[in-house]
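Each chain is listed here by its residues.
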Amino acid sequence: MWFLVLAPRYETAVTEQFNARMQAQMTEDGWYNYNPALIKSFAKMKRTVFIDVTADWCLTCKANEAAILDDDDFRHAMDSLGVALVKADWTRETPEVNALLRSLHKSGVPAYAIYPEGDASRQIVLPELLTTDAIVEKITGEF
């Protein structure tokens, strides 16, 4: 009885709760807000993550956002690859974002990284100036 009737409902409820929790962690522009627990969740799901460490006062960050990260081509490419977009805001320093920058061997912003299958130990640190093609190549492994 459990497997036929209640198990599917339970699975649906758990999935809905997870999606609601993830939605609450999103910025208004559709990026997830960075926190280490979120990255661990993506790793469990084997979901590739693109991390943007940014700050409101960073001119290079804003230029990359306008030219690449807010562009429809970039968003479409990330969606089609199933990549989670995560933004770490360093406008006001936090211990979590400071630790993230250290793990990327960066002392400031902008900083960008890809975690293949959510695995931070396999991080791919990107240059400060971005192109959609270069990001896609790193994600797909087409060098």
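Residues numbered from 1 in each chain as written. Predicted model: local features only at pLDDT ≥ 70, side-chain atom pairs only at ≥ 80, totals over all residues. Heavy atoms only, no water.

This brings us to a negative patch on the surface. On the surface, Asp72, Asp73, Asp133 and Glu137 cluster together to form a negatively charged patch. Looking at the negative patch, the elements with two or more residues in it are helix H4 (72–81) and helix H6 (132–140). Among the residues examined, Asp72 registers a relative accessible area of 63% and is labelled exposed. (Patch = residues over 30% accessible without salt bridge, like charges linked within 9 Å, V, L, I, M, F, W, Y side chains within 5 Å. Areas by Shrake-Rupley, 256 points an atom, 1.4 Å probe, with all protein chains shown as cover. Salt bridge = Lys/Arg side-chain N within 4 Å of Asp/Glu carboxyl O. Lys, Arg positive; Asp, Glu negative; His and termini not counted. Charge placed at Lys NZ, Arg CZ, Asp CG, Glu CD. Helix = DSSP H or I, 4+ residues; strand = E, 2+ residues; numbered from the N terminus. Buried < 20%, exposed > 50% of the residue type's maximum accessible area, 1.4 Å probe, protein only.)

Here we come to the pairing of strand E4 (residues 111–115). E4 sits mainly inside the fold: five of its five residues count as buried. Burial along E4 is two-sided: Ala111, Ala113 and Tyr115 facing one way and Tyr112 and Ile114 facing the other are all buried. By the bridge criterion, five bridges tie strand E2 (residues 49–54) to E4 in an arrangement that is antiparallel. Within E4, the position partnered with Ile51 by the bridge is Ala113. With three bridges connecting them, E4 and strand E5 (residues 124–126) associate as antiparallel partners. Paired with Ile114 across the two strands is Ile124, which belongs to E5. (Pairing = 2+ DSSP bridges.)

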